[in-house]
Amino acid sequence: MTPKDYQEAVDWLFVQAPNYQIDGQKAYKPGLDNIKKLCDFFGNPQDKIKTIHIGGTNGKGSTSNMLASVLQESGYKIGLYNSPHLIDFTERIKINGKNCDKKFVYDFIQKLKHLPEDIRPSFFEFTTIMAFEYFHQRNVDFAIIEVGLGGRLDSTNIIKPLVSAITNVQLDHQNILGNTIEEIAKEKAGIVKENITIISGDENPVVKEIIKQKAFEINADYIDATAIKTDLVSDLKGNYQKKNIRVVLALVNELRNQAINISNDNVKSGLLNVHQNTNFIGRWFEFSKNPLTICDTAHNQAGLEEVFKQLNEYAQSKHIILGFVNDKKIDDVIPMLPSEARFYFVKPSVGRGRHPEDYQDLLKKSKSNYKIFDSVQEGYLAAKQNCKKDEMIFVGGSNFVVGDFLEKNL
């Protein structure tokens, strides 16, 4: 297999299987029938590995990577399934921080071409079974599985985990999950399973009650992570990580209850070495110090609110590069933009990327100081040119903006 063979196989997969990343809602295949058939076809590898399930609107990527780092520090071999990827497809499936083997990906994609006619998986369904099989073949001690979208009907929901967590519930993907916090919380709570502890990291009493009620109905222990007090910190620098750390500590406590050996030192060093242990980037990621350049993948109202709040703590003048995809409610985001900043609105290269000209009326009303660019790189180069030594650059608004930026500049 040559690098060209690998790239052609992955390109084929992106085109062949309906892909939410590119096509949006029309690629979303709710329900577990397809993934069940797919797992049966491959011998149900998900039942042969010990899993931990992490759902939620924001923070599930950070939480799963922090937990992976803690477990790696404890001497375990850890599989980690995250989405979407920022630069290369293999980032989605890792073992101890190392991306999935490209030869495995290539060979597995060949098998897709020989599936029975009644199984037509989405892109996410196919990558999910690929992760299960990879973790099984490589004999991981534990696999941390991040929910793709929602929970109840997400293809990862076929697993029977040791423990599950819901980091929080916010308004996002309303076109699929529902228009209210209550509706979305019910979808997210679909990962709660009989007799399997569920950890909740949300501070909203309405969300807590929905998750707690679901747990009560099916005899699952409910643990409120927001009750945990800690001064532990992580090398993931976003202020919002304090909430995710509490969820990680609750997960660790539950795993210890199941006789899994994790010391306090493992927890401390695991939280402090997430980048090194898992190669996780994109969450309040300091790309450079001169000029100070930070990128963050927060992409919905709640996530961006946290990010803008933290940006306002910096005294420097700011150059902010932002781009969005089609299903985001930009009219909720524009009023939150930090004042006194120069903005560079860009179009992410992904198929769902929204051109800033589409929402220029909102930008004009906001009276922001802004310019519009056809690509992330054009926006970044303009920001870099305008940015003085004592000023800073921020890149965000979407996973795909950060991905475009890192692919060109990392």
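Residues numbered from 1 in each chain as written. Predicted model: local features only at pLDDT ≥ 70, side-chain atom pairs only at ≥ 80, totals over all residues. Heavy atoms only, no water.

Student: Explain the pattern of salt bridges to me, and be specific about the residues and the numbers.
Tutor: One pass over the full model with this rule turns up eight salt bridges. One salt bridge in this structure joins K37 and D118, with 3.9 Å as the shortest N-O distance. Placement of the pair is K37 in helix α3 (residues 33–41) and D118 in the loop between α5 (102–112) and α6 (123–137), with a sequence separation of 81 residues. Taking relative accessible area as the criterion, K37 reaches 36% and is therefore assigned partly exposed. The exposure class of D118 is partly exposed, given its relative accessible area of 48%. (Salt bridge = Lys/Arg side-chain N within 4 Å of Asp/Glu carboxyl O. Helix = DSSP H or I, 4+ residues; strand = E, 2+ residues; numbered from the N terminus. Buried < 20%, exposed > 50% of the residue type's maximum accessible area, 1.4 Å probe, protein only.)

Student: Describe in detail the pairing of strand β14 (residues 392–396), supporting the description with residues and values.
Tutor: Taking burial as the measure, the five residues of β14 include five buried ones, the bulk of the element. Burial along β14 is two-sided: M392, F394 and G396 and I393 and V395, pointing in opposite directions, are all buried. Two strands pair when backbone bridges link them, and strand β11 (residues 318–322) and β14 are joined in this way by five bridges, in the parallel orientation. Counterpart to L322 in the pairing with β14 is G396. (Pairing = 2+ DSSP bridges.)

Student: I'd like a description of the domain arrangement of the protein, backed by residues and values.
Tutor: In terms of domain boundaries, the protein breaks down into domain 1 (3–278) and domain 2 (285–408). Measuring from the centre of the C-alpha atoms in domain 1 to the corresponding centre in domain 2 gives 27 Å. (Domains from an automatic or database assignment.)

Student: How would you summarise the environment of N96 if you had to cite specific residues and measurements?
Tutor: Here N96 shows up in the loop between β3 (93–95) and β4 (98–99). Residue classification places N96 among the partly exposed residues on the basis of a relative accessible area of 35%. Taking the C-alpha atoms as reference, N96 lies 40 Å from I372; in sequence the two are 276 residues apart. Excluding residues within four positions of it along the chain, N96 makes contact with Q72, Y76, K77, I78 and N277. A distance of 2.8 Å separates a polar side-chain atom of N96 from the backbone nitrogen of I78. (Contact = heavy atoms within 4.5 Å. Polar contact = N/O pair within 3.5 Å; in protein donor to acceptor, adjacent residues only side chain to side chain.)

Student: Tell me about the sheet that holds strand β6 (residues 163–166), and name the residues and values.
Tutor: Across the sheet, which stays open at both edges, the eight strands sit in the order β4-β3-β2-β5-β1-β6-β7-β8 with mixed pairing between neighbours. A single partner strand is all that each edge strand has here, and the edge strands are β4 and β8 (222–224). The pairing of strand β2 (residues 78–81) with strand β5 (residues 142–146) spans four bridges and is classified as parallel. Within β5, the position partnered with L80 by the bridge is I144. On the sheet, α6 packs against β2, β3, β4 and β5 and is oriented at approximately 15° with respect to β3. This element, helix α9 (residues 205–217), spans β6, β7 (198–200) and β8 of the sheet and lies at about 155° to β8. (Axes fitted to C-alpha atoms, helices over the stretch in contact; angles between N-to-C directions.)

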